[in-house]
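# Summary of structural features
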Amino acid sequence: MQQNLTPDPAIETNMLLKKLIHTVNNSTFPNNNFDIPSWTGPSSTQIWVQSLIYASLSASLLAALGAMLGKQWLSHFQHFGHGMVDGRGRQQKWKLDALYAWHFNAVLKGLPVLLQLSLLLFGVALSANLWMEQHIVACIIIDMMASGAVFYALIVVAALISDVCPFQTLASKQLCSIGQHVVHFHNTLQEGNQTIFPSFLCFISHMPYSIITLLHSFASCISHQLSSQYTIKNTDAPCMQWLLETSDDPDVITTAASLVPEVEWP
């Protein structure tokens, strides 16, 4: 990226060289004004492009710092310490309770959001900067960014359709939570006193409520078709096979082997 936030020293250098050559030979650069043009500052487009670039860099560095800190936090959580087994068990239980109390999971989920935000800001800044220089190259970058945005939107929709979809993101979970609050708010307004203000709020929330209800019906239909197509009706046999293949505990293996005749195998 070009550094357009400060005056370009090459402009002043070229003007001084032209003036020096004109002083030696008057026939060189005739009728030329050798006054150094005053710099009026960067344009507004250059300012916000550079701002987006540095914001993207800052978000990337924060995500990297958070990832390293998260690794240290997990290492601290996995450290059992010394002492009796019951004491170490209590210590691990305290650590586990502290993870929920301090919203550890939410902090770790925020790190991918920082990376996604960094990619978005960098893509917008790169597209804007190239658009000022070459439209064709900028169109290629814009098409790639649009393809990424469409892919992200598709996986969010897929995660909203099915709870067991592996493409879960923080955005899909937040949208699901917002939809549940909207439905609960709309149902509460309908059950309450139908005065002017609640009736107005109920009218306002009717459109998003209808959209959410329609999407929920469509998601239920798609989820039912997928579950009937891919869900294994009898899960006892795969679970038993997994226990026998992966377990190192003799008691577990003995118990699983004793249940083999009772399991319906495919």
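All of the points below concern the structure found in this document. (Residues numbered from 1 in each chain as written. Predicted model: local features only at pLDDT ≥ 70, side-chain atom pairs only at ≥ 80, totals over all residues. Heavy atoms only, no water.)

Turning to helix α2 (residues 44-78), a few remarks are in order. When the terminal C-alpha atoms of α2 are compared, their 51 Å separation across 35 residues agrees well with the 51 Å that a helix rising 1.5 Å per residue should span. Along α2, the positions that sit buried rather than exposed are Val49, Gln50, Leu52, Ile53, Ser56, Ala59, Ala63, Gly66 and Gly70. Next to the buried residues of α2 lie α4 (104-131). (Helix = DSSP H or I, 4+ residues; strand = E, 2+ residues; numbered from the N terminus. Expected span 1.5 Å × (residues − 1). Buried < 20%, exposed > 50% of the residue type's maximum accessible area, 1.4 Å probe, protein only. Contact = heavy atoms within 4.5 Å.)

In the structure shown here, the tally under the stated rule is one aromatic pair. Geometrically, the ring pair formed by Trp73 and Phe104 is edge-to-face, given 6.0 Å between the ring centres and 70° between the ring planes. Pair noted here: Trp73 is in helix α2 and Phe104 is in helix α4, with a separation of 31 residues, a long-range link. (Phe/Tyr/Trp six-rings, centres within 6.5 Å; stacked < 30°, edge-to-face > 60°.)

Our focus in this paragraph is the nonpolar core. In this structure, Val49, Leu52, Ile53, Leu121, Ala125 and Ala128 together form the largest nonpolar core, which totals six residues. Contributing elements (two or more residues each) for this core: α2 and α4. (Core = buried A, V, L, I, M, F, W, Y, C linked by side-chain atoms within 4.5 Å.)

Examined against the element boundaries, Leu154 turns out to sit in helix α5 (residues 135-161). According to the relative accessible area criterion, Leu154 is exposed, its value standing at 56%.

Under the counting rule described, the total for this entry stands at one salt bridge. Linking Lys93 and Asp97 is a salt bridge whose minimum nitrogen-to-oxygen distance equals 2.8 Å. Of this pair, Lys93 and Asp97 both sit in helix α3 (residues 85-101), four residues apart, roughly one helical turn. (Salt bridge = Lys/Arg side-chain N within 4 Å of Asp/Glu carboxyl O.)

The next subject is unusual backbone geometry. Unlike most non-glycine residues, His103 shows phi in positive territory, near 55°. For His103, the position within the fold is in the loop between α3 and α4. On the basis of relative accessibility, which here comes to 54%, the residue His103 falls in the exposed class.

With that out of the way, let us pick up the packing of α4 against α5. Look at α4 against α5: their axes get within 8 Å of each other, and the N-to-C directions meet at 155°. With respect to each other, α4 and α5 are oriented roughly antiparallel. In the crossing of α4 with α5, the sense of the turn from one axis to the other is left-handed. Where α4 abuts α5, its residues Gln116, Leu119, Gly123, Leu126, Ser127, Leu130 and Trp131 lie against His135, Val137, Ala138, Cys139, Ile141, Ile142, Met145 and Tyr152. (Axes fitted to C-alpha atoms, helices over the stretch in contact; angles between N-to-C directions. Parallel < 35°, antiparallel > 145°, perpendicular 65-115°, else oblique. Left-handed = near helix turned anticlockwise from the far one by under 90°.)

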